Amino acid sequence: MPIRLLAVLFASLVCMKGVAAPYVPDSNAKVLERLPFKPNDPIARELAQLRGELKRNPRNAEVAVRLARRYYEMVSEEGDPRYLGYAQAALAPWWDMPTPPVDIQILRASLRQFLHNFSGAVADLDEVLQRDSHNPQALSLRAVIHIVQARYLQGMADCRALHQSGDPLIAQGCEAMVDGLTGKAGPAYAALNPIVESATSLIPSKRLWLEIRLAELAERQGRADRAEMHFKRALSLGITDTFLLAAYADLLLAQNRPRDVLNLLKDRTRSDVLLLRLVFAERALKLPTAKELENTLAARYAAAQMRGETVHQQEEARFALDVEGDAKGSLALAIENWKVQREPRDAEIFLRAAIAMKDRESATPVLKWLDDSKIEDPHLLRLGQQLRGVRP
């Protein structure tokens with residue numbers, strides 16, 4: 001299993017919640033827009049070659065998988081949701097099959113999870129694992145879906161299965177994700193960090209994924225300085241990753257460092273996820289361009305709502321509360337979002353919106369999650385305490 005794909009499976013699923021559902025072209029030959037590749041860009045040449053091969057033989061599964069996988073990786077790299085549509089178009093001959101080839105079914109599950117069709121993604125992965133019980137790609141992706149939806153026992157079971165089926169270090173990082181959400185962030189960090197530091201031969205994409213996991217564990221413990229160190233190490237690898245940029249930007253914003261956010265995310269407005277952080281930074285700095293960015297993002301959210309898309313809800317709830325001052329709308333979005341995914345960032349906006357509305361009752365599921373998970377995140381615990389002090 002290519003390590004780069006595994007890194008994308010983990011990183012994109014944990015946080016790429018702000019992408020819109022893609023338009024799926026009915027032909028790989030259809031030109032929708034000239035994407036921003038430089039002349040003689042090797043990626044452009046690679047994609048053109050694969051598209052040409054697939055046009056000549058649309059049912060060439062090997063080429064279709066290579067093309068769809070490359071587009072899928074580019075969503076993590078660039079944050080542009082159109083690549084999802086291109087990936088799905090490449091898999092069109094197999095898309096509606098109940099049991100397509102394993103590689104195609106895993107990619108279909110990956111695309112479905114991007115669109116928050118988690119039940120469809122898990123159904124695909126369950127079927128794959130019935131045929132190939134040790135498939136590391138299926139195990140890793142299913143583990144992350146379980147973790148995103150706060151099914152920690154099931155997630156840990158898949159993480160542990162990766163010790164036999166995949167890379168033991170990735171398996172340990174997977175287990176650390178669960179531990180970091182269930183009251184064991186300190187021991188998980190203490191166990192994983194020295195192993196990553198001593199592993200001098202890790203390929204960059206694998207180290208990127210592990211450094212992000214360590215940054216998250218540090219944040220769970222309230223150790224912002226350690227988290228920033230790991231984010232900087234990940235950035236130094238030179239791999240463009242939207243989740244990394246968004247997570248680091250959130251840390252900088254929490255430390256009231258909007259200028260650093262602008263430097264980090266300069267010209268990255270194609271991604272809704274990163275545009276939101278830019279909006280926050282420009283507003284904090286009172287820049288004259290802030291309003292234009294706000295309007296752009298508001299229009300994107302409005303267009304998504306008109307199409308009936310719901311994959312933005314956590315990010316849109318933040319925009320509603322912190323930009324538009326719409327606490328009621330923010331809470332409504334957070335409530336719907338919590339039905340699908342239950343990560344710390346989902347909890348954070350839910351709690352803040354409930355506090356703004358003085359509505360402790362609506363946030364009962366999040367307060368219960370705080371208690372049941374035993375998560376140690378000091379910021380979330382403070383918000384929980386604040387909300388518990390609100391009179392019904």
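Source: prediction; values computed, not measured.

Would you take a moment to explain the overall build of the protein chain for this structure?
For the protein chain, the count of helices and strands is 21 helices and zero strands. The contacts in the protein chain between residues at least 6 apart in sequence include a share of 62% that link residues at least 24 apart.

How do you make sense of the nonpolar core when you look at a structure like this?
Looking at soluble globular proteins, one finds that nonpolar side chains tend to be buried together. By size, the foremost hydrophobic cluster in this structure holds 92 residues, and its most contacted members are Leu 192, Leu 217, Phe 231, Leu 265, Leu 351, Trp 369 and Leu 387. Not counting chain neighbours up to four residues away, the residues in contact with Trp 369 comprise Ala 150, Tyr 152, Trp 338, Arg 342, Pro 344, Ala 347, Lys 374, Ile 375 and Leu 380.

Would you mind going over the pattern of salt bridges with me for this structure?
Summed over the entire model, instances satisfying the criterion amount to 26 salt bridges. The partner of Arg 142 in a salt bridge is Asp 126, with the nearest N and O atoms 2.7 Å apart. Of this pair, Arg 142 sits in helix 7 (residues 136-148) while Asp 126 sits in helix 6 (residues 118-131); the two residues are 16 residues apart in sequence, bridging distant segments of the chain. With relative accessibility at 17%, the residue Arg 142 sits in the buried group. Relative accessible area serves as the criterion here: at 30%, Asp 126 is assigned to the partly exposed category. Put simply, Arg 277 and Asp 250 hold a salt bridge, and the shortest N to O gap is 2.8 Å. Remark: Asp 250 occurs in helix 13 (residues 242-254) and Arg 277 occurs in helix 15 (residues 272-285); sequence separation between them is 27 residues. When salt bridges with common partners are traced through the structure, they connect Asp 250, Arg 277, Glu 315, Arg 318 and Arg 345 into a single cluster.

So what exactly am I meant to see when it comes to the side chain of Glu 175 here?
Along the chain, Glu 175 falls in helix 9 (residues 168-181). Of the side chains with opposite charge, Arg 160 lies nearest to the buried Glu 175, which makes no salt bridge, at 4.2 Å. A polar side-chain atom of Glu 175 sits 3.1 Å from a polar atom in the side chain of His 163. In contact with Glu 175, other than residues within four places in its own chain, are Met 156, Cys 159, Arg 160 and His 163.

Can you help me understand the packing of helix 3 (residues 61-78) against helix 5 (residues 102-114) in this one?
The description of two packed helices rests on the angle between their axes and on the distance between the axes. Two numbers describe how helix 3 lies on helix 5: the axes approach to 10 Å, and their chain directions differ by 25 degrees. As far as their axial angle goes, helix 5 and helix 3 are roughly parallel. As helix 3 runs across helix 5, the sense of the crossing is left-handed. Of the residues in helix 5, those in contact with Ala 61, Val 65, Ala 68, Arg 69, Tyr 72 and Val 75 of helix 3 are Asp 103, Ile 104, Leu 107, Ser 110, Leu 111, Gln 113 and Phe 114. The residue inventory of the contact of helix 3 with helix 5, partitioned by class, reads nine nonpolar, two polar and two charged.

I'm lost on the state of the cysteines in this one. Help?
Each disulfide consists of one covalent bond between the sulfur atoms belonging to two cysteines. One pass over the structure, following the stated rule, counts one disulfide. Paired through a disulfide, Cys 159 and Cys 174 show a sulfur-sulfur distance of 1.9 Å. Linking Cys 159 and Cys 174, the disulfide has an S-S dihedral of approximately -60 degrees and is accordingly described as left-handed. Of the two residues, Cys 159 is situated in helix 8 (residues 152-165) and Cys 174 in helix 9; the sequence distance between them amounts to 15 residues. The pair Cys 159 / Cys 174 is uniform in exposure class, with both members buried.

Please explain the packing of helix 14 (residues 258-265) against helix 15 as it appears in this structure.
Contact pair helix 14 / helix 15: the axes reach a minimum separation of 8 Å and the direction vectors enclose 140 degrees. With respect to helix 15, the axis of helix 14 lies oblique. Where helix 14 crosses over helix 15, the handedness of that crossing is left-handed. For the pair formed by helix 14 and helix 15, the contact residues are Pro 258, Arg 259, Val 261, Leu 262 and Leu 265 on the first element and Leu 274, Arg 277, Leu 278, Ala 281, Glu 282, Ala 284 and Leu 285 on the second. When grouped by side-chain class, the residues that make up the contact of helix 14 with helix 15 number nine nonpolar, no polar and three charged.

Looking at this model, I keep getting lost on the packing of aromatic side chains. Mind explaining?
Two measures describe an aromatic ring pair: the distance that separates the ring centres and the angle between the ring planes. Under the defined criterion, the tally for this structure stands at eight aromatic pairs. Arranged with centres 6.2 Å apart and planes meeting at 70 degrees, the rings of Tyr 83 and Tyr 86 form a pair that is edge-to-face. With Tyr 83 and Tyr 86 both in helix 4 (residues 82-90), this residue pair falls three residues apart, about one helical turn. With respect to burial, Tyr 83 and Tyr 86 carry one shared label: buried. Taking the centre distance of 6.1 Å and the plane angle of 85 degrees together, the rings of Trp 338 and Phe 350 count as edge-to-face.

Help me understand helix 17 (residues 313-322), please; the structure alone is not making it clear to me.
One turn of an α-helix holds 3.6 residues; hence residues three or four places apart share an orientation. Taking burial as the measure, the ten residues of helix 17 include nine buried ones, the bulk of the element. Among all positions in helix 17, only Gln 313, Gln 314, Glu 315, Glu 316, Ala 317, Arg 318, Phe 319, Ala 320 and Leu 321 are buried. Those residues of helix 17 that are buried are in contact with helix 13, helix 15, helix 16 (290-306), helix 18 (327-338) and helix 19 (344-357).

Would you take a moment to explain helix 5 for this structure?
Taking 1.5 Å per residue as the helical rise, helix 5 with its 13 residues ought to reach 18 Å, and the 19 Å between its terminal C-alpha atoms agrees with that figure. Within helix 5, ten of the 13 residues are buried, which leaves the element mostly enclosed by the surrounding structure. Taken residue by residue, helix 5 has Ile 104, Gln 105, Ile 106, Leu 107, Arg 108, Ala 109, Ser 110, Leu 111, Gln 113 and Phe 114 as its buried positions. Once helix 5 finishes, His 116 follows within two positions and takes phi at roughly 65 degrees, a positive value.

The rules behind the values
Residues numbered from 1 in each chain as written. Predicted model: local features only at pLDDT ≥ 70, side-chain atom pairs only at ≥ 80, totals over all residues. Heavy atoms only, no water. Helix = DSSP H or I, 4+ residues; strand = E, 2+ residues; numbered from the N terminus. Contact = heavy atoms within 4.5 Å. Core = buried A, V, L, I, M, F, W, Y, C linked by side-chain atoms within 4.5 Å. Buried < 20%, exposed > 50% of the residue type's maximum accessible area, 1.4 Å probe, protein only. Salt bridge = Lys/Arg side-chain N within 4 Å of Asp/Glu carboxyl O. Lys, Arg positive; Asp, Glu negative; His and termini not counted. Polar contact = N/O pair within 3.5 Å; in protein donor to acceptor, adjacent residues only side chain to side chain. Axes fitted to C-alpha atoms, helices over the stretch in contact; angles between N-to-C directions. Parallel < 35°, antiparallel > 145°, perpendicular 65-115°, else oblique. Left-handed = near helix turned anticlockwise from the far one by under 90°. Nonpolar A, V, L, I, M, F, W, Y, C, P; charged D, E, K, R; others polar. Disulfide = S-S within 2.5 Å. Phe/Tyr/Trp six-rings, centres within 6.5 Å; stacked < 30°, edge-to-face > 60°. Expected span 1.5 Å × (residues − 1).

What is shown is where atoms sit, not what they do.
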